[in-house]
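Descriptive structure summary
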Amino acid sequence: MKILNYGSLNIDLVYSVEHFVRTGETIASTSLRRFAGGKGLNQSVALGRAKANVYHGGKVGPDGQFLVELLREACVDTTHLAQNGTATGTAVIQVDPAGQNCIIIHGGANQENTREELDRMLAPFSRGDLLLLQNEVNDLPYIIRAAKTKGMQVALNPSPISSTLRDLPGELVDLWILNEVEGYELTGKQEPRNILATLGQKYPEAQIVLTLGAEGSICLDGGEMYHQPIFPVEPVDTTAAGDTFTGYYLASIARGESIPQALRTASMAASIAVTRPGAAPSIPGYEEVLAALKTR
Ligand code: RIB
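Below: a short report on this structure. Predicted model, so just to flag it, every value in this text is computed and none were measured.

1. Thoughts on the site of the ligand
Taken together, 14 residues lie near the ligand, and D12, G38, K39, E136 and D243 sit nearest. In this structure, K39 approaches the ligand through a side-chain N or O atom, which is 2.8 Å from an oxygen atom. Compared with its free state, where it exposes 280 Å², the ligand has 96% of that area covered by protein. Contributing elements (two or more residues each) for the shell around the ligand: β2 (10-16), α1 (39-49) and β7 (101-106). Classifying every residue of the shell around the ligand gives 5 nonpolar, 5 polar and 4 charged.

Take a look at the structure:
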């Protein structure tokens, strides 16, 4: 299975702070670092490091060449990455001493993909291949419909949540990977099993994976429910934990692992990622994840 990830590429500016800045307040950070990021890029890096057959489609500006090179180093095909004159997407990220974060993004080049480019991106893919999407690039409804017309499967990580997601043809999504906040926004339900039940009723054919932070993850597929606890660690920076989970989960499913196996592999990869600073640089390689799994 070939996986096309149409997704964002960001330059992450990561500020370490004692607490998240409050209304009207100015605070000094204890460090400022610049990392490769973007939910799309992070998920492609995770897929590549997990040895999936992954292609990344999207757009950077003239300042984003290092992001393209990082994808190539992670064995991601970048043939469908375009460049234009608009600055690359940016994220301003605060990280507190507990490793929690809050993020502001500016889309930049991520929001300038044309329909002609999306059609070219999809051209080499066919029935049985998978299109992966997050919510940091433009024209998701168009590419979902075009991919389904070709017989592709569609996986959606509806993150970050926004009102534009209401316009999505959710009935065409085969696999949802989302967290509790996104689940609440989409269903109005807070309790994880109610989120799954509501989404499951609305999209009975879809597989739904819900990540629950310290409570692990659960998956609903064909009426069956699966639960995977986390592997507890001391978090340094939780940025990209969800992206690492998504990339490793899909790579495991693509390689034919069962849902419980894929949840376990993804959970271990994410638990390693949160022990390191930054987004893309924190994502572990496949051998490291396998070695860690053998110890548990
Ligand atoms: O999921 C983490 C990512 O969200 C960061 O890398 C940042 O760029 C934002 O897109």
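2. A look at the environment of T26
Mapped onto the fold, T26 is located in the loop between β2 and β3 (31-37). A residue is classified by how much of its surface remains accessible, and T26, at 76% relative accessible area, is exposed. Residues T26 and A50, spaced 24 residues apart in sequence, show a C-alpha to C-alpha distance of 41 Å.

3. Focus on the packing of aromatic side chains
Two measures describe an aromatic ring pair: the distance that separates the ring centres and the angle between the ring planes. One pass over the full model with this rule turns up 3 aromatic pairs. Between Y55 and F125, the aromatic rings sit 5.1 Å apart at their centres with planes inclined by 90°, giving edge-to-face as the arrangement. Residue Y55 is found in strand β4 (residues 54-60), and its partner F125 is found in the loop between α3 (115-122) and β8 (130-133); the two are separated by 70 residues along the sequence. A residue is classified by how much of its surface remains accessible, and Y55, at 17% relative accessible area, is buried. With a relative accessible area of 2%, F125 lands in the buried category. Look at F245 and Y249: their rings are 6.2 Å apart centre to centre, the planes differ by 5°, and that puts the pair in the stacked class.

Conventions and cut-offs
Residues numbered from 1 in each chain as written. Predicted model: local features only at pLDDT ≥ 70, side-chain atom pairs only at ≥ 80, totals over all residues. Heavy atoms only, no water. Near = heavy atom within 4 Å. Polar contact = N/O pair within 3.5 Å; in protein donor to acceptor, adjacent residues only side chain to side chain. Areas by Shrake-Rupley, 256 points an atom, 1.4 Å probe, with all protein chains shown as cover. Helix = DSSP H or I, 4+ residues; strand = E, 2+ residues; numbered from the N terminus. Nonpolar A, V, L, I, M, F, W, Y, C, P; charged D, E, K, R; others polar. Buried < 20%, exposed > 50% of the residue type's maximum accessible area, 1.4 Å probe, protein only. Phe/Tyr/Trp six-rings, centres within 6.5 Å; stacked < 30°, edge-to-face > 60°.

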